[in-house]
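# Examining the three-dimensional arrangement
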Amino acid sequence: MTQISYGLFSELLLVRIHGRAEAYLEASSAERLALVAACRSEATVPDLAQRILSRTIYAQASSRIGPLRELLQNALDASPVGARIDVRSTEDGREVSVTDQGRGMTRTELLTDLLVPFRSGKAGELDAIGEHGIGFFSALEIAPRIEVVTATASGGHRLLVAPLGAGPRHEDFSWTLLPLPRVSPAAAPPAGDHAARPGRAAAPPRRPATGTSVRLSLAQPISRPALAAEVTAAAGLVDPAVARIYVDGALVNTARARLRRAAEVPLRLPPSGDICGALELLVGRGDGVEPQLTITQKGLTVATRVDPFPGPELGLHRELARAITAAGFGLVAELPLGVPLNKGRSAVAASASAAVEAALIAAFERFILRDALYDRELLRAVDHRLSSVLDRLVHAALLGESITIASAQAVDELDPLARTPTVAAPEQVIRFAGGLLDAPLFRSIVVDAGQRPPGAAPSPPLGQLHWRGAALTLRELLQAHRAGVLRPLEGAPLLPSTQARSTARWPLGASSAAPEPAAGAPGARPGELVYLALDEPLALAFWRRLATEGAAAQHAQPAASAPPRPPGAAPCPMPRTSRDVLLKTAADVPGVRAAAAAMTVIERLDAAISESADLPTSPIWAHQDLYGPDEMAHTDGSGISVNLASARVRALLTAVLLRDDAVAFTALTDLLLHEKTHVSLASYVPRPMAEHGTSFYRRKDWMRRRLLAAIASGAVVDPIRWLAVARRGLVSSALPAPEELSRAFQAAAAAA
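Residues numbered from 1 in each chain as written. Predicted model: local features only at pLDDT ≥ 70, side-chain atom pairs only at ≥ 80, totals over all residues. Heavy atoms only, no water.

### Focus: the overall build of the protein chain
Assigned secondary structure in the protein chain consists of 23 helices and 23 strands. Residues classed as buried in the protein chain amount to 49% of the 752 residues present. Counting contacts in the protein chain only where the partners sit at least 6 residues apart, residues at least 24 apart contribute 69% of the total. For the protein chain, the exposed area adds up to about 34,600 Å²; of that, 55% sits on carbon and sulfur atoms. (Helix = DSSP H or I, 4+ residues; strand = E, 2+ residues; numbered from the N terminus. Buried < 20%, exposed > 50% of the residue type's maximum accessible area, 1.4 Å probe, protein only. Contact = heavy atoms within 4.5 Å. Areas by Shrake-Rupley, 256 points an atom, 1.4 Å probe, with all protein chains shown as cover.)

Structure below.
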């Protein structure tokens, strides 16, 4: 075989396009020139090879992390399990080498696989990630000069790559292939250790035992801390059992030990629908684990998302994910090797993106329902958001509300008088919400108090109680609350040492047979009490909601002359109005003073948010039923209006006016932040983005951080301090009945 020592990238690609690669490799120097000339004369586009190379090299990476990831990926694919991969840099930061202890590459593999785009020697290997054959070319964008030293069991080679023409972009690249002398393994230096050191001449490279070292001469130097950070971003989640990755002697892939597998979902790829593997969801926190969703493949970073579920139909998922990441936990979705990635390895290929999204949602739901809500450490760490999600579910269940699937009919076929929710939820999201309500989350004690109706079994002996510890669901606790048998655990009777466990579970679940209803306690058996442990965040949020509902009902009874609105009642419209107009028009309606006080609180919230984000304050209005029953607040791009007929808004405002309820006040703050984000984006962001796109939620999180930082530094007064001022002089915190407000404004309009 003729030894090839010099050539061009474009020549290798050109002869391959024309099917003459084998003849090119076997030909002499003069014959190769004739082959290249013949291929160019046959080509319809003479410079097609150069165009393909240019687009392959300069259209993949937007930063150094991409090329580093590609080189680390090649090293992982070539290395045995548990091997060491070294990334080293010179002191001046102009040279970086990536060295593995893999099988190395032969001369043919170098010339036909490595240096020819869209051709990979790893095709068909089950454990290999690379398949496009273009990863090596991405390194040429950041390092136009590359040296590859590689050795197999039978021989070794040194490959030199240099640019041609002024660049970047360079018009072509030359390659020179040289054999390496054979040395004994004991005398072989570490691969890549032949680079020139400052002040010293470069030692002649010697062949390593086995493996490959790729040395990059960077166009822009990089500091060692920056190199460590970029390698960690690309490969910090690689399992050390697969490979140990060192940067200048320091192990960087240590984060995997702080992750645990939380869920696993089979992944089917279109169009065949065959299972290509399983998507694994890993959860953890600590050094190296970022509080976000990171998508990886074989531990290498594919993409990161601050907001894992950006779609408006996944609001419940989004709030739960935000609560978890806000507490410092990171979510890692590990893709099976069968999932194709795009050319730059920065995202899932379009053909598989829908399947991956569906699997990610399913894995997150499994994690929440089967793991997260039972993880006491996680629950104690999360901020108010997780409690506020549960709070919304509890409130909806207390009111007997249910989520309705939006109709698939055309708009003109719908009843124009029918009131439909303003935010529709797909069926799978409704099932997820139902799963949250039916998950056995709450540690409780069910006690037989010994009170039996005539004809029932005798009570237990004095000093002995039949009891049983049980994990009850939210739906079961609500049933117990309605039956009047739910108590906090602080008030539970002392259980003596002679206590006896009841063999029958209290029949609260949907799977149990419904007991005979008793007077005043429908759905519960007489003589049985449920004691709820309040030492967990979710249980405390649930009990606070029950206490708030009870207090609100007590305050509201003397104020509201009309009975509560039944489900499906006719709307009670009221135009958008300011606080002064509200007091003037409906001064005689009971509860108007409380509504005005609530609007004062909202004005102070808006002022704090506006000052922290350098925005003008917004006019604050109130309305009723103008945009549907589920609309809590609305903005026209400048002012913010709250719906006083919304049950959720009324519950929040009542809890805030009753006492300094931090959870309710934080939820009210989040509502104002949501609307204020709409205001801040309304003038310069397209409407779909301003509504609920990625830009919207990034802006909202930014405004939230600005508000918290301003409060912490003292630049903005904590708006919760205004609650005492707003309550001053209030006789009752009950809000006006929607029907009464509607009649007052209708009468004022008729008089005008």
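Let's pick the thread back up.
### Comments concerning the sheet that holds strand β21 (residues 620–624)
Pairing within the open sheet is mixed, and its four strands lie in the order β20-β21-β23-β22. Both edges of this open sheet fall to β20 (574–577) and β22 (633–635), since each of them pairs with a single strand only. When the angles between neighbouring strand axes are averaged without regard to direction, this sheet yields 20°. In this structure, β20 lies alongside β21, joined through two bridges in antiparallel fashion. The residue bridging M574 from the neighbouring strand is Q624, located in β21. Lying on the sheet, helix α19 (residues 662–681) is in contact with β22 and β23 (640–643); it crosses β22 at an angle near 20°. (Pairing = 2+ DSSP bridges. Axes fitted to C-alpha atoms, helices over the stretch in contact; angles between N-to-C directions.)

### As for the sheet that holds strand β14 (residues 330–335)
In spatial order, the strands read β10-β11-β14-β12-β13; together these five strands make up an open sheet with mixed pairing. Edge positions in the open sheet fall to β10 (259–269) and β13 (300–305), since each of these has one partner strand only. Going from strand to strand, the sheet's axes swing by 25° on average, the running direction of each strand aside. Examined bridge by bridge, strand β12 (residues 293–297) and β13 share five bridges and lie antiparallel to one another. What sits directly across from T294, in β13, is T304. Sitting on the sheet, helix α5 (residues 65–78) touches β12 and β13, and the angle it makes with β13 is about 140°.

### Topic: unusual backbone geometry
A cis amide bond links P270 to the next residue, P271, at an omega of 0°. Along the chain, the position of P271 falls in the loop between β10 and β11 (274–284). With phi around 60°, K298 is a residue other than glycine that occupies positive phi space. Looking at the element boundaries, K298 is found in the loop between β12 and β13. A residue is classified by how much of its surface remains accessible, and K298, at 19% relative accessible area, is buried. For D614, which is not glycine, the phi torsion reads 60° and is therefore positive. Relative to the assigned elements, D614 resides in the loop between α17 (592–612) and β21. The class for D614 is exposed, based on a relative accessible area of 63%.

### Overview of the pattern of salt bridges
In total, this model carries 21 salt bridges according to the counting rule given. A salt bridge links E230 to R64; the shortest N-O distance between them is 3.1 Å. A residue pair is termed long-range when its members are at least 10 positions apart, and E230 in helix α8 (residues 224–235) and R64 in the loop between α4 (48–58) and α5 qualify at 166 residues. Overlapping salt bridges bring together E95, E147, R158 and R215 as one network. (Salt bridge = Lys/Arg side-chain N within 4 Å of Asp/Glu carboxyl O.)

### Things to note about the packing of aromatic side chains
By the definition in use, this model includes two aromatic pairs. Seen in terms of ring centroids, F309 and F364 are 4.9 Å apart; in terms of plane orientation they differ by 50°. Their pairing is tilted. A residue pair is termed long-range when its members are at least 10 positions apart, and F309 in the loop between β13 and α9 (315–326) and F364 in helix α10 (residues 350–370) qualify at 55 residues. Grouped by ring-pair contacts, the aromatic residues F309, F364 and F367 constitute a single cluster. Its guanidinium or amino end placed over the ring of Y24, R32 lies 6.0 Å from that ring's centre, counting from NZ or CZ. Geometry around Y246 places R84 over its ring, the cationic atom sitting 3.8 Å from the centre. (Phe/Tyr/Trp six-rings, centres within 6.5 Å; stacked < 30°, edge-to-face > 60°. Lys NZ or Arg CZ within 6 Å of the ring centre and 35° of its normal.)

### Concerning the packing of α17 against α19
Put simply, α17 and α19 touch, their axes get as near as 10 Å, and they point 60° apart. Classified by the angle their axes make, α17 and α19 are oblique. In the crossing of α17 with α19, the sense of the turn from one axis to the other is right-handed. On α19, the residues touching V601, I602, L605, D606, I609 and S610 of α17 are F665, L668, T669, L672, L673 and K676. Taken together, the residues of the contact of α17 with α19 sort by class into eight nonpolar, two polar and two charged. (Parallel < 35°, antiparallel > 145°, perpendicular 65-115°, else oblique. Left-handed = near helix turned anticlockwise from the far one by under 90°. Nonpolar A, V, L, I, M, F, W, Y, C, P; charged D, E, K, R; others polar.)

### Comments concerning the nonpolar core
Soluble globular proteins: nonpolar side chains tend toward being buried together. Core analysis: the largest hydrophobic core is formed by 65 residues, its most contacted members being F364, F367, I368, F442 and F542. The element contributing the most residues to this core is α10, with 10 residues. Residues F137, A143, L218 and A243 belong to the second largest nonpolar core, which totals 53 residues. (Core = buried A, V, L, I, M, F, W, Y, C linked by side-chain atoms within 4.5 Å.)

### Thoughts on the packing of helix α1 (residues 9–17) against helix α3 (residues 29–42)
Running from N to C, α1 and α3 point in directions that differ by 65°, and their axes come no closer than 10 Å. In this structure, α1 meets α3 at a crossing whose hand is left-handed. Along the contact surface, α1 presents S10, E11, L14 and V15, while α3 presents V36, C39 and R40. For the contact of α1 with α3, the residue count by class is four nonpolar, one polar and two charged.

### What about the side chain of S618?
Its place among the elements puts S618 in the loop between α17 and β21. Residues within four places of S618 in sequence aside, it is in contact with D606, S638, G639, I640, K676 and V679.

### A short note on α3
Between its first and last C-alpha, α3 extends 20 Å over 14 residues, near the 20 Å set by a 1.5 Å rise per residue. Along α3, the residues classified as buried are R32, L35, V36 and C39. Mapping the buried residues of α3 onto a view down its axis gives an arc of 95°, with all of them on the same face. Across α3 from its buried face, at more than 90 degrees, point the exposed residues A30, L33 and S41. Buried residues belonging to α3 abut β1 (6–8), α1 and α2 (21–26). (Expected span 1.5 Å × (residues − 1). Arc of directions from axis to C-beta.)

### Some thoughts on the pairing of strand β4 (residues 145–151)
With six of seven residues buried, β4 lies mostly within the body of the structure. Judged from the six bridges that link them, β4 and strand β5 (residues 156–164) form a sheet pairing that is antiparallel. By the bridge assignment, I146 is partnered in β5 with V161. Remark: four residues form the turn of the hairpin made by β4 and β5, two consecutive strands paired antiparallel.

### Re the environment of S618
With a relative accessible area of 9%, S618 lands in the buried category. Linking S618 and S638, residues 20 residues apart in sequence, is a C-alpha distance of 5.9 Å. Polar contacts involving the side chain of S618 include one to the side chain of K676, which spans 2.7 Å. (Polar contact = N/O pair within 3.5 Å; in protein donor to acceptor, adjacent residues only side chain to side chain.)

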